[in-house]
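If you want the building blocks of each chain, they are given just below.
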Amino acid sequence: MAEKNTYQITDWNGQSGERWVANQARLDAVAAVFGQAAIEAVAPATGERVLDVGCGAGASSLALAARVGAGGQVLGVDISEPLIGRARALAPQDTSALFQVADASSAELPEGAFDILFSRFGVMFFDDPTGAFAHMRRALRPGGRVAFVCWRAAAENDWVRLPISALKGIVPPTAPPDPEAPGPFSFGDRGRVARILAAAGFTDIAIEPFDASVPFGEGETRDAAIDDAVKMAIEVGPLSHALADQPDDIRARASAAVRAAFAGLPCERSVMIDGAAWVVMARNPAS
Ligand SMILES: C[S@@+](CC[C@H](N)C(=O)[O-])C[C@H]1O[C@@H](n2cnc3c(N)ncnc32)[C@H](O)[C@@H]1O
């Protein structure tokens, strides 16, 4: 059988991983409120053991560790060496969170060892999502809970819809991506997420929309904040792949067009853009 997740492993250890590390503080500012919604939904109790899948630079693992306390455990796993390096560097000495470089879809995880399977935007990248969730389910105790947050469709997320629309007429159109291909929006279809979890053996599946306006760029002045948002869209956002091989003049035109699109948004020192996510809950059957 072909190796799984090879593109994602290469990308998150290469360009995406490096860019994510370079923009980690900004990205954490965008993702925080969504991760917090999933944490509140699953309500970790003191002493619980949590597996944080695709933990990236570890912000959600640290937030979970604060909730479960010294008697609990959080294991953050991620395929990206640079992001796990950043997570270890950012972790305070007294956190109970541990970090491991591993592909969550195939890593040897202790059976039945976790009370909660959690993720903040880290479960949409598997080549075989049903197989991955079936594998991760075995690491949950009987009756254990799942909580993760994932993006809804790109068209519902202004942080991607606005800059992509701004590129029309500047960058030649490409075929629309397969909405189920591994990537940030592959869990946009609620029915598909429910089917994946059910096929992986989970029950009590509940999928609720969660919307928030998030700081996509920040600066001392309105102009600086808009420049920061444009940089973020071009470096790590949806445009990073679309513009990767484009010449400098096209990149400059694209940047100006994205700036014009962002200039209409509410902003004093933060450009606030709407994000649309699912908060997904499920349970491992009791036996
Ligand atoms: C969008 S980032 C989110 C990172 C982090 N959870 C956050 O909210 O900042 C997705 C993360 O999933 C990780 N990832 C992708 N496929 C994975 C896999 N098969 N196993 C573990 N981590 C994976 C990536 O390396 C990346 O760090």
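Just so it is clear, the model here is predicted, and its values are computed rather than measured. (Residues numbered from 1 in each chain as written. Predicted model: local features only at pLDDT ≥ 70, side-chain atom pairs only at ≥ 80, totals over all residues. Heavy atoms only, no water.)

Visitor: When you look at helix H11 (residues 248–263) in this model, what are you seeing that I'm missing?
Guide: Residues separated by three or four positions in an α-helix point in the same direction, a consequence of the helix having 3.6 residues per turn. For H11, with 16 residues, the first-to-last C-alpha span of 22 Å sits near the 22 Å given by 1.5 Å per residue. Among the residues of H11, Ile250, Ala254, Val258 and Phe262 are the ones counted as buried. Along the long axis of H11, the arc covered by the buried residues comes to 105°, so they all point the same way. Facing away from the buried surface of H11 by more than 90 degrees, the exposed residues are Asp248 and Ala260. Buried residues along H11 sit against helix H7 (158–166), strand E6 (203–218), helix H9 (222–235), helix H10 (239–243) and strand E7 (270–283). (Helix = DSSP H or I, 4+ residues; strand = E, 2+ residues; numbered from the N terminus. Expected span 1.5 Å × (residues − 1). Buried < 20%, exposed > 50% of the residue type's maximum accessible area, 1.4 Å probe, protein only. Arc of directions from axis to C-beta. Contact = heavy atoms within 4.5 Å.)

Visitor: I would appreciate a short explanation of the site of the ligand in the present structure.
Guide: In the neighbourhood of the ligand, 19 residues make up the surrounding shell, with Gly54, Asp78, Asp103, Ala104 and Arg120 lying closest. Backbone polar atom of Gly54 to a nitrogen atom of the ligand: 2.7 Å apart, as the coordinates give it. In this structure, a nitrogen atom belonging to the ligand sits 2.9 Å away from a side-chain N or O atom of Asp103. Computed on the free molecule, the ligand has an accessible area of 600 Å², of which 97% lies beneath the protein chains in the complex. Residues belonging to the shell around the ligand are distributed by class as follows: ten nonpolar, five polar and four charged. (Near = heavy atom within 4 Å. Polar contact = N/O pair within 3.5 Å; in protein donor to acceptor, adjacent residues only side chain to side chain. Areas by Shrake-Rupley, 256 points an atom, 1.4 Å probe, with all protein chains shown as cover. Nonpolar A, V, L, I, M, F, W, Y, C, P; charged D, E, K, R; others polar.)

Visitor: What is the right way to read the sheet that holds strand E2 (residues 73–78) from this model?
Guide: Working definition: the strands of a sheet are paired by backbone hydrogen bonds and lie parallel or antiparallel to each other. Read from one edge of the open sheet, seven strands run E3-E2-E1-E4-E5-E7-E6, paired in mixed fashion. Two strands in the sheet have a free side with no partner beyond their single neighbour: strand E3 (97–101) and E6. Within this sheet the neighbouring strands show an average axis-to-axis angle of 20°, counted without direction. The sheet contact formed by strand E1 (residues 49–53) and strand E4 (residues 114–120) spans three bridges and is parallel. Within E4, the residue paired with Asp52 across the bridge is Phe118. (Pairing = 2+ DSSP bridges. Axes fitted to C-alpha atoms, helices over the stretch in contact; angles between N-to-C directions.)

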